[in-house]
Amino acid sequence: MVVQHQILKTLRAAPCELTEVMEQHPDDGRTAISRRVSEAFGFYDALGRVQHSSCLQALKTLEAEGALSLPAPKRVVRSTVPRLLDEPVPAPVGVPTLLKDVRGLELELVEDAGQRAIWNTLVEAEHPLCAPRFVGRQLRYLVGSEHGYIGAIGFAAAALYLKARDRWMAWSDEQREDYRDHVVGLNRFLIRSMVRIRNLASHTLGKVLRRFPEDFENRYGYVPWVIETFVGPEHRGTCFRAAGFQCVGKTKGRGRHAPGNACTKEKKAVFVYDLGGDWRQELGVPVVEAYPELEVGAGLASDTWAEQEFGGAPLGDKRRSDQLVHSMTMLSRTPGELITANLDADRAGIRGYYRFLEKAAENEITPEKILQPHRDRTIERMRTQRTVLCVQDGTDISYSTRPACEGLDVIGHNQTTSKAKGVHLHATLAVGEDGVPLGILRCAYTTDQEAPAPKTQLWIDGVRDIAEAASHLSGRTRVLCVMDREADVFAILAQQRRAGRVDILVRAKANRLLGKKSPKLFATMRSGRPAGHMEVPIARLSRRVKSGRVKHKGRSGRLARMQVRFRRLSLPAPGKSQEDPVQVSAIHVREVQPPAGERPVQWYLLTTQEVTTLEQAIEVVGYYVLRWRVEDMFRVLKSGCAVERLGMRQAKSLHNAITIYMVMAWRLLLMTLLGREEPEASPEGLFDEMELRLLHELADEFGLPPPKTLGAAIRVVAVFGGYMDRKKDRPPGSEVIWRGYSRLEIGAKTFAVLEKRYHMIRREDLIVKRE
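Since this is a predicted model, take the numbers as computed values, not measurements.

Enquirer: Is there a simple way to explain helix α22 (residues 710-720) in this structure?
Expert: One full turn of an α-helix is made of 3.6 residues, so residues set three or four places apart face in the same direction. Counting buried positions along α22 gives nine out of eleven residues, so the element sits mostly inside the fold. Buried within α22 are the following residues: Leu-710, Gly-711, Ala-712, Ala-713, Ile-714, Val-716, Val-717, Ala-718 and Val-719. Phi turns positive one or two residues past the end of α22, at Gly-722, with a value near 115 degrees.

Take a look at the structure:
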């Protein structure tokens, strides 16, 4: 079989032979010429049939280039509208709701004009994209049953260029041109709207995938390698995943023949299905993992981390992406200081940094685009975990001392009713089971000052975003969205029905009615004997006073012994809502024998995850305890990165800057916690060569073990930042870590300058001696 681009290449290389064939029969029409040329040059398909159609297309291309002249076409195609039936396809009758009850479910391969008219009519009337004009090699199927037609499926030519698919297949541009016909597109898949049968879509896909290779080979003489399809943002592709498809990325939104880089269509997820065979060996290409993984802590040294976490950001110009990486490299060396305080800062780099932020609106730079590479790396780190906690929370960042900044939010009022201005940040932090932060999935801000969206919508959008991220994970990774009391809203809990694999864990705030004659939620959760006990670490809280009033009396840090109760409950929809109740597992924990003078700690937790044992309940409570990781990150953001000192003219510029600093805060927090959780890991993932050399010198100076492991290296950094390192001291916190890291960066720079100067002197001495 010779593909069209090979035909074109062959004809271009033999103009004399082509002219000779055409001149032998000057009265032939276009079709006859293409047949004679195909026979003369040996253009046959896998079944030995003349490829006159592909040859004719190549001849038309040569004519457009001025290489030859073809006779005028004898027949003009006046319409490309598919042939339809005079009446709509009748609706199926008596369709059951269970798959096992469907009678006579079968696939009909479309082979004649009558079947094609039925297929066209179904798809034209009921598919969102209507009936297509398929090109290339194609197969159509009708999904029939004794109840009537319930669906349709259509395969045709694959996309000409598709970055996500081509990266996964790992073939070269030349191989793509030679073997594109071995990839087939699943271009239409319809289950009729009146048919409501659970698992019907994945079952139908499974049936068609099992017979498709044989049907395709019977019609075209060979078996394809891969099937590709696209899923729009309004769908999750659950049926494709269940049938064995893999999501390998997203389209750019260009369409099949879009000019240049114009994005004329919505971006869709790209799914592929490997039909098997040894095509990778035939092409000589490696196996590419559809779900690449990134080890936690890898590639985060000061000289590489910015490129890994921000490189290739879709900012419309590679120079902007490079500027972002350069700025982050400088900023991360002196956290909490202005970029001008960096020892490596140059005037061009400083100007570029401020221009990048202040001109962001003009260049359509958004927090989502800035965060995209880091989000991708975060998902890769999530793939290494069995359970990932996606912790959502919000915080207010005060900019009351920046009255000239345009577009700030009102984040509070004082007793004189004057408004406090600032930025409300809503973020999602991915955390592993061990509490190590994996990365930032989302940063959201209030942008419409005239009609700001309710904060509930931020939580709902956050759940949807987590579900989108979870769609890029393999089935072995479990995802749990963890939220505090502000998210205790029925609409948020109900999102789990639409979030697929993502479960929700929230601390209850509302004491709901469970029924007209039933006790309220909290009384129900407190009732009954405890299922067991557990110990929970309770963080210390300082006494808080604001405007002369005590906001919080404070709380001592302790390891609290808790009673544990759990049960399954049904939460009814509020008011007159017709939405179905949400089934949740309710867990109540209450402290036993708290310290004198302090109120016992108790939590009411609701989760869509099924909890049937005490061990599962204890596990869920442990997950909720890790919610404080996002609070730690906000503290590092405000104290360690000093974002409240930023001075920008517009709130949108602040949004971009805060997003950048969020990733830097995550790295500092990761550095703090990774040394505790994985002390025996290699320190090379977080420190470059010069920093490690200086750490060895400092360890010797402080009388500490050499930093051959990550735990030892972090210990030296902490001592350099003021950590006392006494036997009863708690592990070093993020504050001493970021202070020690800043000093380490300054010391490493000084160390490098002195070493460079030392080598220069030695070279000069050698030159003098030689003279």
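Enquirer: Please clarify how unusual backbone geometry should be interpreted in this entry.
Expert: For residues that are not glycine, phi is negative in most cases, and the peptide bond is trans in most cases. Positive phi outside glycine occurs at Cys-130, with the angle close to 65 degrees. With respect to the helices and strands, the residue Cys-130 is situated in the loop between α5 (113-126) and β2 (139-144).

Enquirer: Just to check I follow, could you spell out a positive patch on the surface for this structure?
Expert: On the surface, a cluster of positive charge is contributed by Lys-163, Arg-167, Lys-252 and Lys-267. Its location among the elements puts Lys-252 in the loop between β6 (246-250) and β7 (269-274).

Enquirer: Before we go on, may I ask you to explain the nonpolar core in this structure?
Expert: For soluble globular proteins, the rule of thumb is that nonpolar side chains tend to be buried together. Leu-425, Trp-603, Leu-606, Met-662 and Phe-687 are the most contacted members of the largest nonpolar core, which has 147 residues in total. No other element matches the 17 residues that helix α20 (residues 651-677) contributes to this core. With residues up to four places along the chain from it excluded, the contact list for Met-662 reads Leu-425, Ala-427, Ile-440, Cys-443, Met-633, Phe-634 and Leu-637. Formed by 33 residues, the second largest nonpolar core is a distinct cluster that contains Leu-205, Ile-227, Val-231 and Phe-271.

Enquirer: What should I look at first to understand the confidence of the model for the protein chain in this one?
Expert: The predicted coordinates ought not to be read in detail in places where the model reports low pLDDT. In the predicted model, the protein chain carries a mean pLDDT of 86, and 92% of its residues have values of at least 70. Mean pLDDT across the secondary structure elements of the protein chain bottoms out at strand β16 (residues 549-552), with 60, and peaks at β2, with 96. Taken as a whole, residues 761-771 scores under 50 in pLDDT and shows zero contacts with residues more than four places along the chain or in a different chain.

Enquirer: Got a minute to help me understand empty space enclosed by the protein in this structure?
Expert: Taken as a whole and judged by the stated rule, the model has one cavity of 30 Å³ or more. Contributing to the lining of the largest cavity are Gly-336, Glu-337, Leu-338, Cys-641, Ala-642, Arg-645, Leu-646 and Tyr-661. Among the residues making up the lining of the largest cavity, the classes are represented as five nonpolar, one polar and two charged.

Enquirer: Which parts of the structure should I look at to understand the pattern of salt bridges?
Expert: Opposite charge on two side chains permits pairing when their charged atoms draw close. In the structure shown here, the tally under the stated rule is 39 salt bridges. Put simply, Arg-381 and Glu-309 hold a salt bridge, and the shortest N to O gap is 3.1 Å. Residue Arg-381 is found in helix α14 (residues 367-382), and its partner Glu-309 is found in helix α11 (residues 305-310); the two are separated by 72 residues along the sequence. Side by side, Arg-381 and Glu-309 carry an identical accessibility label, which is buried. Measuring nitrogen to oxygen at the nearest pair gives 3.0 Å for the salt bridge that ties Lys-318 to Asp-322. With Lys-318 and Asp-322 both in helix α12 (residues 318-333) and four residues apart, this pair spans about one turn of that helix. Of the residues examined, Lys-318 reaches a relative accessible area of 62% and is grouped as exposed. Residue classification places Asp-322 among the partly exposed positions, given a relative accessible area of 35%. Residues joined in a network through salt bridges with shared partners are Arg-165, Asp-166, Asp-173, Arg-176, Glu-177, Arg-180 and Glu-228.

Enquirer: Honestly, the sheet that holds strand β5 (residues 226-231) in this entry has me stumped. Any pointers?
Expert: The pairing of strands in a sheet happens through backbone hydrogen bonds and is either parallel or antiparallel. Pairing is mixed in the open sheet, where seven strands are placed in the order β1-β2-β3-β4-β5-β7-β6. On the outer flanks of this sheet lie β1 (106-109) and β6, each paired with one strand and no other. The sheet shows a mean angle of 30 degrees between the axes of neighbouring strands, direction not considered. By the bridge criterion, four bridges tie β6 to β7 in an arrangement that is antiparallel. In the sheet register, Gln-246 faces β7, and the bridge partner there is Val-272. Its contacts with the sheet place α5 against β1, β2, β3 (151-157) and β4 (183-191), and it is angled at close to 80 degrees to β2.

Enquirer: Could you clarify how one ought to interpret the side chain of Arg-558 in this entry?
Expert: Take Arg-558: it is sitting in strand β17 (residues 558-571). At 2.8 Å, the side chain of Arg-558 and the side chain of Glu-598 are in polar contact. Setting aside residues up to four positions removed in sequence, Arg-558 forms contacts with Val-536, Pro-537, Ile-538, Glu-591, Pro-595, Glu-598, Arg-599 and Val-601.

Enquirer: Any chance you could explain the environment of Ser-202 here in plain terms?
Expert: Position of Ser-202 among the secondary structure elements: in helix α8 (residues 200-220). Residues contacting Ser-202, with those up to four places away along its chain left out, are Cys-239, Ala-242 and Ala-243.

Enquirer: It is not clear to me how the pairing of strand β13 (residues 502-507) should be interpreted in this structure. Could you clarify?
Expert: Both faces of the sheet carry side chains from a regular strand, because those side chains alternate between them. For β13, a buried count of six out of six residues is recorded, marking the element as mostly surrounded by other parts of the structure. By the alternation rule, side chains of β13 split into Val-502, Ile-504 and Val-506 and Asp-503, Leu-505 and Arg-507, which are all buried. Alignment of strand β12 (residues 478-483) against β13, held across five bridges, turns out to be parallel. Looking at β13, one finds that Leu-480 is bridged to Asp-503. Sheet topology note: the β13/strand β19 (residues 602-607) ladder contains three bridges and is antiparallel. Its bridge partner being in β19, Arg-507 is matched across the sheet by Leu-605.

Enquirer: Explanation requested: the packing of aromatic side chains in the structure shown.
Expert: Pairs of aromatic rings are described using the distance from one ring centre to the other and the angle between the two planes. Applying the stated criterion across every chain, the model contains 21 aromatic pairs. With a centroid separation of 4.4 Å and an interplanar angle of 35 degrees, the aromatic rings of Phe-155 and Phe-212 are classed as tilted. A residue pair is termed long-range when its members are at least 10 positions apart, and Phe-155 in strand β3 and Phe-212 in helix α8 qualify at 57 residues. Taking relative accessible area as the criterion, Phe-155 reaches 0% and is therefore assigned buried. On the basis of relative accessibility, which here comes to 0%, the residue Phe-212 falls in the buried class. Ring centres 4.9 Å apart and planes at 45 degrees place the aromatic pair Phe-216 and Tyr-220 in the tilted group. Of this pair, Phe-216 and Tyr-220 both sit in helix α8, four residues apart, roughly one helical turn. Looking at Tyr-220, the relative accessible area reads 15%, which means it is buried. One aromatic cluster in this structure is built from Tyr-141, Phe-155, Phe-212, Phe-216, Tyr-220 and Tyr-222. A cation over an aromatic ring shows up here: Arg-140 above the ring of Trp-119, its NZ or CZ 5.0 Å from the ring centre.

About the thresholds
- Residues numbered from 1 in each chain as written.
- Predicted model: local features only at pLDDT ≥ 70, side-chain atom pairs only at ≥ 80, totals over all residues.
- Heavy atoms only, no water.
- Buried < 20%, exposed > 50% of the residue type's maximum accessible area, 1.4 Å probe, protein only.
- Helix = DSSP H or I, 4+ residues; strand = E, 2+ residues; numbered from the N terminus.
- Patch = residues over 30% accessible without salt bridge, like charges linked within 9 Å, V, L, I, M, F, W, Y side chains within 5 Å.
- Areas by Shrake-Rupley, 256 points an atom, 1.4 Å probe, with all protein chains shown as cover.
- Salt bridge = Lys/Arg side-chain N within 4 Å of Asp/Glu carboxyl O.
- Lys, Arg positive; Asp, Glu negative; His and termini not counted.
- Charge placed at Lys NZ, Arg CZ, Asp CG, Glu CD.
- Core = buried A, V, L, I, M, F, W, Y, C linked by side-chain atoms within 4.5 Å.
- Contact = heavy atoms within 4.5 Å.
- pLDDT = per-residue confidence, 0-100.
- 1 Å grid on protein atoms, 1.4 Å probe; cavity = no way out; pocket = protein on both sides within 12 Å on 5 of 7 lines; lining within 4 Å.
- Points joined across faces, edges and corners; volume = space filled by probe spheres on them.
- Nonpolar A, V, L, I, M, F, W, Y, C, P; charged D, E, K, R; others polar.
- Pairing = 2+ DSSP bridges.
- Axes fitted to C-alpha atoms, helices over the stretch in contact; angles between N-to-C directions.
- Polar contact = N/O pair within 3.5 Å; in protein donor to acceptor, adjacent residues only side chain to side chain.
- Phe/Tyr/Trp six-rings, centres within 6.5 Å; stacked < 30°, edge-to-face > 60°.
- Lys NZ or Arg CZ within 6 Å of the ring centre and 35° of its normal.

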